[in-house]
Amino acid sequence: MARKAELRKLAIVPAYNEAGMVGRVVREIERNASDFDVLVIDDGSTDRTAAEAEAEGAVVIRHPYNLGIGGAMQSGYKYALRHDYDVAVQVDGDGQHKPEYIPELLTALRARSDKADMVYGSRFRGNPGYKVPLGRRLGNLIFSVVLTAITRQRITDPTSGFRMTNRRGIELFARDYPHDYPEVEALLMLHAHHLRIHEVAVRMNARGFGRSSIDYPRSAYYMVKVLLALFVGLFRRRPTPVEATGEAESGVGPPVEAR
Amino acid sequence: MRLLLLTLAACLALAAPASAATLQVQNENEDGPGSLGYTIQQAGPGDTIKVPPGTYPLTHGETLVDQNNVIQGAGATETTIEPTGGGEAVEEGVNVFGATVAAPNKPATTDDNKIESQAQIVALIVTVTLFLLVFELVRRRRLAERYALLWMAAATALLVLAIWTQGLEVLADAMGIQEPANAIFILAFGVIFFLLLHFSVATSRLAEETKILAQETARLELEVRAVRGEVPALNGDSAAAEQSQHERPVGPQDGG
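Keep in mind that what you see is a predicted model, and the values were worked out from it rather than measured.

## So, helix H6 (residues 166-175) of chain B
Logical step 1: Little of H6(B) is tucked away, with zero of its ten residues classed as buried.
Logical step 2: One or two residues past the end of H6(B) sits Gly176(B), with phi positive at roughly 75°.

In structure tokens form, the structure reads like this:
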């Protein structure tokens, strides 16, 4: 099969009512990582999110109604799978993630091509200066302890959505992606499918408009829901097995080593 | 329930004060001084009423229970009490000793039967209507067959209970529940609980399916716009990409 020598790379930008911000995010990605195509998932916005993203040259998928962050991300991974991308990176449409770190993530993913299927940017890895609201920090800490225990590797920032995966990750997430607050569960899915995870230290912006997708009244629900999902996930060894592609076969070879 | 009350009454009677008197019935009249009914009405709390051999109609027995009175006959074969009005109050071995209580022949019984059969008719009408409603919904394809089966079963169960009135008591006995009404509440609660759980599952599945449809619609809309030239051609023709996706199962990939 005639394939380009270089990797096909996609930046997936989920955006829900992010007019005024999403254009900047697309621009920043193109400036810092011009080798990435930009796909914006307009998750049922009622403002000019889609128009703004398109004006900046992004491809835009417009959901007919709001599916939530999980549905939006899965849409992006489905697109990546269908259009034959080798690498996909998630960049939040609210400007929280700094596209200047994309090349760093890519380097980490390729340098560890035999070690990692997903690399993600952690705010808390050797980067103590970052200020996070206490509730969110606490939740992060609990998830961090639980996931570190389950995956037997250090996970310092399990709620970070700044993630880059290879083809195996794309295939997995296109088939199945968690619903409401997907980041933590997605990590567990990766682990259950023997996809390997690696952390890269990054800094993040405070949320674009100072609002978080998780506000305080919802944090309790978030905690319980995700912990329940983690617990149930332990009893569900392989929710949707990834079809054995050549890559998967070569990748799975030795079972995931405990680190 | 009645048995319980009477037992309680008997217990209380045993514990009655020693001041209780003994009264003697004088004649077999239905009413008036010396009759059984009159004597009962005259009796004070805890009094014993002695009844000589003979057959005695009983019209006013209600105060027996309230005052813990006991009727003492001359022997089961000698003394017979025929309840005509206060039949509920007298019971052999509870507050009647040494006398036979004849089967009550009070006219109120037919009233009770009438009420019971009226309730039965209402229950029959309701359940038959439910049955027909479900049938009609299925006929118009408004209700999927598997739910129809469920509701038909529910309607049938109710119909059976409406016709076979003893059924509920048998059911309650089998479940170890004293009050038949409670048995049906527990059963109904259980059925409703599982039905709701089932609908939660069905709703979750529908939400998942709807999500997939929305994602597909959005993707197709993008492709339509690309084909129309409203947006730049997508990176990698989608048809070609789809084809290559099917062709790509083997071979290790670069990068990854």
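## Considering helix H7 (residues 180-227) of chain B
Logical step 1: Between its first and last C-alpha, H7(B) extends 70 Å over 48 residues, near the 70 Å set by a 1.5 Å rise per residue.
Logical step 2: Among the residues of H7(B), those classed as buried are Ala183(B), Lys211(B), Gln215(B), Ala218(B) and Leu222(B).
Logical step 3: Those residues of H7(B) that are buried lie in contact with strand E3 (59-62) and helix H3 (68-82) of chain A together with H6 of chain B.
Logical step 4: Among the residues trailing H7(B), Gly229(B) stands out with phi positive, at a value near 80°.

## Looking at the confidence of the model for chain B
Residues and elements named next belong to chain B.
Logical step 1: Overall, the prediction assigns chain B a mean pLDDT of 75, with 75% of residues at 70 or greater.
Logical step 2: Predicted confidence for residues 14-18 stays below pLDDT 50, and this span has four contacts to residues more than four positions away or in other chains.
Logical step 3: Note that residues 237-256 has pLDDT below 50 and, in this model, 35 contacts with residues that lie over four places away or in other chains.
Logical step 4: The ipTM value of the predicted complex is 0.77, and its pTM value is 0.65.

## Notes on the pairing of strand E4 (residues 87-90) of chain A
Residues and elements named next belong to chain A.
Logical step 1: Burial of E4 is two-sided: the residues Val87 and Val89 facing one way and the residues Ala88 and Gln90 facing the other way are all buried.
Logical step 2: Both E4 and strand E6 (residues 163-165) contribute to a ladder of two bridges, which runs antiparallel. Pairing of Val89 across the sheet is with Met164, part of E6.

What counts as what
Residues numbered from 1 in each chain as written. Chains lettered and ligands numbered in written order. Predicted model: local features only at pLDDT ≥ 70, side-chain atom pairs only at ≥ 80, totals over all residues. Buried ≥ 20, exposed ≤ 12 C-beta atoms within 10 Å, placed from the backbone. Helix = DSSP H or I, 4+ residues; strand = E, 2+ residues; numbered from the N terminus. Expected span 1.5 Å × (residues − 1). Contact = placed C-beta atoms within 7 Å. pLDDT = per-residue confidence, 0-100. Pairing = 2+ DSSP bridges.

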